[in-house]
Amino acid sequence: MQSRRRKYLWLILSASWLLLVLLGAPRLRQLAIPPGLRPRTLTSWPQWLDQELLSSFVGPEELTKDLCPTSCSPHQWRSQRLGCLMETCFDTSRCQGQSFKVFVYPIGLTQPISEVHHKVLASIEGSRYHTVNPEEACLFVLPGDVLGPQLLPLWNGGQNHLIFHLHPDSWPDLGFDPGQAIVARAIPTPETFRHGFDVSLPLFSQSYPQRGGNRGQLVHLIPPPGEDLLAFEGQLDMWVTGSSNQRDQNAILIPSDHHGDIIERHRDRLCKQDHTTEQSEDQKRLHNSTFCFIPPNCRLVSLHLLQALKAGCIPVLLSRGWELPFSEVIDWGTAAIIIDERHLLQIKSALQGLPPARILALRQQTQFLWDAYFSSVEKIVHTTLEIIRDRIFRAASRPWLLWNTPPGGLLALPTFSTHLRDFPFYHLQHGSSPSGRFSALIWVGSLDQPPLKLIQEVAGSQHCAQILVLWSNDSPPPAQGKWPQTTVPLTVIEGRKKKSDRFFPYSTISTDAVLSLDARSSLSTSEVDFAFVVWQSFPERIVGFQTRSHFWDEAKGSWGYTDQRPNEFSVVLTAAAFYHRYYHDLFTHSLPAPLRDLVDEISACEDILMNFLVAEVTKLPPIKVPQRKQLQEGSRAEQPAKDCINRFASWFGRMPLVHSQLRLDPVLFKDQVSVLRKKYRHLERL
């Protein structure tokens, strides 16, 4: 009897295991959960049963999707209902030849304008977009609130016009019919916003910096362990900051070991606050907070969003009753948590379920978005113009990834390329590397002799693809037979005798890497080979030999510039340096003409401006490599260089240069071992 029972038991167990194998555990879980409540897959939110009711994050693998997926169709329908699309209300024929010029109406045609509008106009008039000739303009900008815009000479029903509506006093109405004009509006509502046509802006104060602005103020990317956290009170319209010693009997506590404080404000108090507005006392607590609840249905919601981004506090958005700033190109799901107000009670489990890696990614993205698009009026204005430009030239528009990864859409020029592999910033993400050859660009100035020995040393490098001699000498260049015989092509380019010519994007440059040289530079083949190998690991930076450093002179109240700090540097001289050819395009097409003219007028300024530009893009210092001999520079006057560095810092709105104490040497460099064991043994020979 016992054996028979044992046999039946084994049969039942075997049948159970067979059922599990055939159906599978996932299938059993699906059977246990009603179809309407089954969770989605591949999401960054915790696996809740009602997840289909919640907004989900967009994962990195989705960043390469088209700018306007199929979900754009409802927005397109709404734009049609409100009367305008780019195809129907914008004349792209005025923008032929990839030219995007902007004309600003004289201020006298409008009523007196605010300080913010003055900053908007200055940001356009000092940029590469501006033109004083309306005949060559693609876009027309009104300088402020216009009384009767239909009276403007080129109004034409608003076609090809852009209106910056920055005053919440008249929110949400403009006070006049914009017609076919694009409206860049602060805090637009879904009822008035024309998707794919209008542009959503953030609300910012009158004191907002025109240029530069402060960098993000995040101190700790990963929050330190904390106490129990007071997330919200029982009444859903009350938001407070709490800690473990401020517990309320009606409060809900979130125990956490890594999230830090979760802060917000009292909604009614903030929404009634004056919008001109200084920071509230709660702003001081942003820097010690991980999450910031943004109060919904409030005119200041956009201002609070900017404050949270600057502080590195992850925004928790509880309503989509307004259009997020630059939502057409910015993936807010990578920097904020967006949830419907009806699911407020699920925020606790949502924030608790976020792993530290996700928090780190969100906080990093808040700092990137702040610095790339929101830290100054100029960046907000230029982002608006670039969004419109991408709509006009769709074939040459930036892909989604360029807008949402550093250095951002403003510093990734689509006129250079729309392929990620062509830029120096994205090799690590894609597991690629720049091309294995370089082009040497040798600048020959007015007092220089033909650099015959330098050409031979550079041509001897196994990585050299071509040599370009930029002849800016008063005398004609030597005949073809007078140049040394090399195994690589040698081309002479006759320049315009301007220092800025050395950073022009010559079409003859066929490689990613450029070796910038002066005719008086003295380098050996080994030095060139090693410096290029180093650059291949850091293609976004300048890699060179001779360095300088900037410092703040307290006595004079200005920036200083010196070569007397051998163990610290922030500038690498471009008289002998490697960098990516993309910086030629950025130097020529992104920097305003007055800065380039300053380089031509004052000696020793070209090094500083190129280093300013690369540091502004990368937020990183250059890299120094060893050299046997000092460059034969002649005299590089310090005073003109000091004047340049102060004028550049003023234009950039801040000091972008970053100090470093790092020098990269070859393995076994100057070690007491046999030279036969050293790959770059000639670097140590005097």
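Our subject is the structure listed above.
The structure presented is a predicted model; accordingly, all values stated were derived computationally and were not measured.

### Examining the overall build of the protein chain
And step 1. Across its full length, the protein chain holds 18 helices and 21 strands.
And step 2. Taken across its 686 residues, the protein chain has 54% of its residues classed as buried.
And step 3. For the protein chain, the proportion of contacts with a sequence separation of at least 24, taken over those separated by at least 6, is 71%.

### Let's talk about the side chain of Thr 588
And step 1. Along the chain, Thr 588 turns up in helix α15 (residues 582-589).
And step 2. By relative accessible area, which is 16% here, Thr 588 ends up buried.
And step 3. Engagement of the side chain of Thr 588 in a polar contact is seen with the backbone oxygen of His 584, the distance being 3.0 Å.
And step 4. Not counting the four nearest positions on each side in its chain, Thr 588 is found in contact with Phe 503, Phe 504, Pro 505 and Arg 596.

### Points about the packing of helix α7 (residues 301-311) against helix α9 (residues 356-374)
And step 1. At their nearest, the axes of α7 and α9 sit 7 Å apart, and the two run at 115° to each other. Crossing of α7 over α9 shows left-handed handedness. From α7, Leu 306, Leu 309, Lys 310 and Ala 311 reach across to α9, where they touch Thr 366, Gln 367, Trp 370 and Phe 374.
And step 2. Broken down by class, the residue content of the contact of α7 with α9 amounts to five nonpolar, two polar and one charged.

### What to know about the nonpolar core
Where a protein is soluble and globular, its nonpolar side chains tend to be buried together.
And step 1. Membership of the largest hydrophobic core comes to 68 residues, with the highest contact counts inside it found for Phe 100, Phe 164 and Phe 374.
And step 2. If sequence neighbours within four positions are ignored, Phe 164 has contacts with His 117, Val 120, Ile 124, Val 141, Ala 184, Leu 201, Val 381 and Thr 384.
And step 3. With 52 residues, the next largest nonpolar core counts Ala 412, Leu 420, Trp 443 and Leu 586 among its residues.

### Things to note about the sheet that holds strand β18 (residues 558-562)
And step 1. Read across the sheet, three strands follow the order β18-β17-β19 without closing on themselves; strand pairing throughout is antiparallel. Each edge of the open sheet carries a strand with a single partner, namely β18 and β19 (571-572).
And step 2. Pairing geometry for strand β17 (residues 547-553) and β19, over two bridges, is antiparallel. Each bridged residue has a counterpart across the sheet, and for Thr 547 the counterpart in β19 is Val 572.
And step 3. Those strands touched by helix α18 (residues 638-652) are β17 and β18, and its axis lies near 135° from that of β18.

### Some points on unusual backbone geometry
And step 1. Note the cis peptide between Pro 406 and Pro 407, where omega equals 5°.
And step 2. The residue Lys 619 is not glycine, and still its phi comes out positive at about 60°.
And step 3. Its place among the elements puts Lys 619 in the loop between α17 (606-618) and β21 (623-624).
And step 4. With a relative accessible area of 30%, Lys 619 lands in the partly exposed category.

### Brief notes about the pattern of salt bridges
And step 1. Enumeration according to the criterion identifies 20 salt bridges in this entry.
And step 2. Linking Arg 581 and Asp 512 is a salt bridge whose minimum nitrogen-to-oxygen distance equals 3.8 Å. Here Arg 581 is found in the loop between β20 (576-580) and α15, whereas its partner Asp 512 is found in the loop between β14 (490-494) and β15 (513-518), with 69 residues between them in sequence.
And step 3. Overall, the relative accessible area of 13% leaves Asp 512 in the buried class.

### Quick look at the environment of Ile 347
And step 1. You can see Ile 347 is positioned in helix α8 (residues 347-352).
And step 2. Exposure remark for Ile 347: the relative accessible area of 3% places this residue in the buried category.
And step 3. Once you skip the residues sitting within four places of it in the chain, Ile 347 turns out to touch Phe 293, Val 316, Leu 318 and Ile 339.

Analysis parameters
Residues numbered from 1 in each chain as written. Predicted model: local features only at pLDDT ≥ 70, side-chain atom pairs only at ≥ 80, totals over all residues. Heavy atoms only, no water. Helix = DSSP H or I, 4+ residues; strand = E, 2+ residues; numbered from the N terminus. Buried < 20%, exposed > 50% of the residue type's maximum accessible area, 1.4 Å probe, protein only. Contact = heavy atoms within 4.5 Å. Polar contact = N/O pair within 3.5 Å; in protein donor to acceptor, adjacent residues only side chain to side chain. Axes fitted to C-alpha atoms, helices over the stretch in contact; angles between N-to-C directions. Left-handed = near helix turned anticlockwise from the far one by under 90°. Nonpolar A, V, L, I, M, F, W, Y, C, P; charged D, E, K, R; others polar. Core = buried A, V, L, I, M, F, W, Y, C linked by side-chain atoms within 4.5 Å. Pairing = 2+ DSSP bridges. Salt bridge = Lys/Arg side-chain N within 4 Å of Asp/Glu carboxyl O.

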